[in-house]
Amino acid sequence: DTAVSQTPKYLVTQMGNDKSIKCEQNLGHDTMYWYKQDSKKFLKIMFSYNNKELIINETVPNRFSPKSPDKAHLNLHINSLELGDSAVYFCASSLAGGYGYTFGSGTRLTVV
Amino acid sequence: QQQVKQSPQSLIVQKGGISIINCAYENTAFDYFPWYQQFPGKGPALLIAIRPDVSEKKEGRFTISFNKSAKQFSLHIMDSQPGDSATYFCAARSPGGGADGLTFGKGTHLIIQP
């Protein structure tokens, strides 16, 4: 059983397109996150979300928007994709308090 | 502003040797310090973690040493094996909890030579 699953694993798209990445967790966690890993492997938080609030990293462009239909899902929608958006995007989840993150296997986004 | 500084960026160790990765932090309010291991094409996986009221934690071949006064912590991998070759990240949890997320170091690419 996959604890945190992301789809798709690879995504190649043209500049200007809109795309979504889906994330689902079956761990019963109540907080979910999106992280961006750049070409130098640096992990940077983009969003965290529980059933009460959405916390947005102020450096994230508003072209990125998380959408959570329920506690087990946190999807990432990206508008007007740019070359600089190329990276690996990781979804993660944890219990309240942020201990013991579990990460998905990542989505490699390539914008051409 | 990088709140968690990790070194070295890359490390090569002979099989059976000790691998040591160091991290330093700035925010004294951090209250939980995990280490993550990442293999190519995979997400980071929690390896071991420590809270600041403890100076050392050991799990198998992996040990975290924590120095609160120096604001430093390190990961020691004893009897390093080729299967330990991966990228290792230290991290720190903000006191705001999950809402603030973990702050990660920039990672150490570890290679264990047979």
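### Observations concerning unusual backbone geometry
Between Thr7(A) and the following residue, Pro8(A), the backbone shows a cis peptide bond with an omega angle of -5°. In this structure, Pro8(A) sits in the loop between β1 (4-7) and β2 (10-13). Residues other than glycine seldom take positive phi values, yet Lys41(A) does so here, at roughly 75°. Within the secondary structure layout, Lys41(A) lies in the loop between β4 (31-37) and β5 (43-50). Here Lys41(A) falls in the partly exposed class, since its relative accessible area comes to 34%. Although it is not a glycine, Lys71(B) sits at a positive phi angle of roughly 55°.

### As for the interface of chain A and chain B
Every contact between the two is made by 22 residues of chain A and, on the other side, 22 residues of chain B. The junction of chain A with chain B conceals about 1700 Å² of combined surface from both sides, 57% of it contributed by carbon and sulfur atoms. The tally of links between chain A and chain B comes to 0 salt bridges. Our count for the chain A to chain B interface comes out at 5 residue pairs in polar contact (both at pLDDT 80 or more). At the level of elements, β4 and β5 of chain A are the ones that each hand at least two residues to the side of chain A that touches chain B. The element that contributes the greatest number of residues to the side of chain A that touches chain B is β4(A), accounting for 4 residues. Looking at the side of chain A that touches chain B residue by residue, the classes come out as 10 nonpolar, 8 polar and 4 charged.

Rules used in this analysis
- Counting of residues starts from 1 at the beginning of each chain's written sequence and follows it residue by residue.
- All chains are assigned letters beginning at A, and all ligands numbers beginning at 1, according to the order in which they are written.
- For a predicted model such as this one, the threshold for reporting local features is a pLDDT of at least 70, and the threshold for listing and counting side-chain atom pairs is 80 or more; totals across whole chains, interfaces and linings nevertheless cover every residue.
- Side-chain measures here rest on the full set of heavy atoms in the structure, leaving out hydrogens and waters.
- Helix numbering and strand numbering both begin at the N terminus, where a helix is a DSSP run of H or I of at least 4 residues and a strand a DSSP run of E of at least 2.
- A 1.4 Å probe rolled over the protein chains alone gives each residue an accessible area, and that area as a share of the maximum for its type sets the label: buried under 20%, exposed over 50%, partly exposed in between.
- Pairs of residues are marked as contacts when any of their non-hydrogen atoms sit within 4.5 Å.
- By definition, the buried area sums, over both parts, the 1.4 Å-probe accessible area that each loses when the two are put together.
- Any Lys or Arg side-chain nitrogen found within 4 Å of a carboxyl oxygen on Asp or Glu counts as a salt bridge.
- Here a polar contact is taken to be a pair of N or O atoms separated by no more than 3.5 Å, where protein atoms must pair a possible hydrogen donor with a possible acceptor and residues adjacent in sequence count only if both atoms sit in side chains.
- All residues other than Ala, Val, Leu, Ile, Met, Phe, Trp, Tyr, Cys, Pro, Asp, Glu, Lys and Arg, Gly among them, are scored as polar; the first ten of these are nonpolar and the last four charged.

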